[in-house]
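Spelled out, the chains give:
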Amino acid sequence: MFAPSAAVGLIVAALGQRARRTFELVFGVGLGLLLSDLLLFAFGFGPWQIGLVVALAIAVALLLTGRSGALVAQAGSAAVLIATLSPAERDLEWSRVTDSVVGGVVGLLVVALLLPINPMRVVDRAAEPVIEALSSQLQEVGRALRRCEPNRAVGALEQLRSLDSDLARLQEAVSGAEEVAVIAPVRWRRRGDVERYQHGVSHLGRVVLESRELARWVANSLQYNERVPEELAAAVERLADAVRLLREESLKGRSFERSFRAILDAAYLAGRARERGLTDAIAIQTGTIASDMIRSTGVEADRANQLVRDAMNQSHRG
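Just so we're clear, the structure is a prediction, and the values are computed from it rather than from any experiment.

Colleague: Looking at this structure, how should I read the overall build of the protein?
Modeller: When its secondary structure is counted, the protein shows 13 helices and zero strands. Reading the protein from its N terminus to its C terminus gives the helix and strand order α-α-α-α-α-α-α-α-α-α-α-α-α. For the protein, the share of sequence-separated contacts (at least 6 apart) that also reach a separation of at least 24 residues comes to 74%.

Structure representation (structure tokens):
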């Protein structure tokens, strides 16, 4: 019974956790068997020995992992099995280990050969709500600047703060896509795509954090009736356009020509706004967002920063 149940448990495990779950399954069983054999050999069989064996097996598993999970559950259940049935039936240890290995291997074969998901589809589905929310809230920040509506900027800030759970799901999706690209032969050709997406997602998270800082500054400035150059609103709106263009061109496998144009337009406008009195800190913040967007496409940091600096300085030369 244990081998098929282990296989099913592995198949329905969360995406990105199947390889880890297999390791936890086998290691947890082995740990529970080892501890129960040692303790029962020392103290013999009986009700209090069963309680001691199970408690220590779970405690050791928790110390090793720092959290509950498959390893802890298997260590405890293996200890229960041996402590209660070992006096009546011999060689339970080997059958339990064999069942865990067979179940884990069969489960991995099913998800790798029979039901391999499309890793890029999973990642793109998880990225869509983050991209759409980031783009729409940057648009809201731009509108807040144009209409001098601080409440609109505050609302955008709150929406950007709420993206943490979506970003976490996106990270899990990328981890799952990486797992599939490693264990499923039919998906091996997507390894490069997954690595590029993983690189892009790390910078997307930075863009979200930096956009929060920008929205917070805009809200505070509008609340105190500070003068903000209109070019900043145009720069933020171009950043919003660039977010959507990055996803669109990434999905179609095109060059990022339109995305780069929008990003560098935003940097140029930020430079214009600085010439008209925008504080250096906010101009630099806008430029940092632009640089991380460029870096999300795989461009090195030095090159991305140079492109943004050149675009911002064009306004001064003009």
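Colleague: Please clarify how the pattern of salt bridges should be interpreted in this entry.
Modeller: When charged atoms on two side chains of opposite charge get close, those side chains can pair. Inspection of the entire model under this criterion finds 18 salt bridges. Among the salt bridges present, the one from Asp-265 reaches Arg-238, with a minimum N-O distance of 2.9 Å. Of this pair, Asp-265 sits in helix H11 (residues 257-275) while Arg-238 sits in helix H10 (residues 230-251), placing them 27 residues apart in sequence. Relative accessible area serves as the criterion here: at 30%, Asp-265 is assigned to the partly exposed category.

Colleague: What is the right way to look at the environment of Leu-251 in this model?
Modeller: Counting through the fold element by element, Leu-251 comes out in helix H10. Separated by 131 residues in the primary sequence, Leu-251 and Met-120 place their C-alpha atoms 9.2 Å from one another.

Colleague: Explanation requested: the packing of H10 against helix H12 (residues 280-295) in the structure shown.
Modeller: Each pair of packed helices can be described by the angle between their axes along with the distance between the axes. Look at H10 against H12: their axes get within 11 Å of each other, and the N-to-C directions meet at 15 degrees. It follows that H10 is roughly parallel to H12 by the angle criterion. By crossing handedness, the relation of H10 to H12 is classed as left-handed. Of H12, the residues touching H10 (which contributes Leu-232, Ala-235, Leu-239, Ala-242, Val-243 and Leu-246) are Ile-282, Thr-286, Ile-289, Ala-290 and Met-293. When the residues that make up the contact of H10 with H12 are grouped by side-chain class, the tally is ten nonpolar, one polar and no charged.

Colleague: In this structure, what is going on with unusual backbone geometry? I would like to understand it.
Modeller: Leave glycine aside and you will find that most residues have negative phi; peptide bonds, for their part, are mostly trans. Positive phi values are uncommon outside glycine, yet Cys-148 reaches one of about 55 degrees. Along the polypeptide, Cys-148 turns up in the loop between helix H6 (119-147) and helix H7 (150-161).

Colleague: Help me understand the side chain of Gln-139 in this model?
Modeller: Mapping Gln-139 onto the fold places it in helix H6. On the basis of relative accessible area, Gln-139 is assigned to the buried category, the value being 16%. Once you skip the residues sitting within four places of it in the chain, Gln-139 turns out to touch Glu-237, Ala-240 and Asp-241.

Colleague: Sorry if this is basic, but what is going on with the side chain of Glu-231 here?
Modeller: Relative to the helices and strands, Glu-231 resides in helix H10. Looking at Glu-231, the relative accessible area reads 8%, which means it is buried. In terms of polar contacts, Glu-231 uses its side chain to reach the side chain of Arg-276, at 2.7 Å. Apart from residues lying up to four places away in sequence, Glu-231 is in contact with Leu-269, Arg-272, Ala-273 and Arg-276.

About the cut-offs
- Residues numbered from 1 in each chain as written.
- Predicted model: local features only at pLDDT ≥ 70, side-chain atom pairs only at ≥ 80, totals over all residues.
- Heavy atoms only, no water.
- Helix = DSSP H or I, 4+ residues; strand = E, 2+ residues; numbered from the N terminus.
- Contact = heavy atoms within 4.5 Å.
- Salt bridge = Lys/Arg side-chain N within 4 Å of Asp/Glu carboxyl O.
- Buried < 20%, exposed > 50% of the residue type's maximum accessible area, 1.4 Å probe, protein only.
- Axes fitted to C-alpha atoms, helices over the stretch in contact; angles between N-to-C directions.
- Parallel < 35°, antiparallel > 145°, perpendicular 65-115°, else oblique.
- Left-handed = near helix turned anticlockwise from the far one by under 90°.
- Nonpolar A, V, L, I, M, F, W, Y, C, P; charged D, E, K, R; others polar.
- Polar contact = N/O pair within 3.5 Å; in protein donor to acceptor, adjacent residues only side chain to side chain.

Such coordinate-based values are descriptive only and should not be taken to indicate function.
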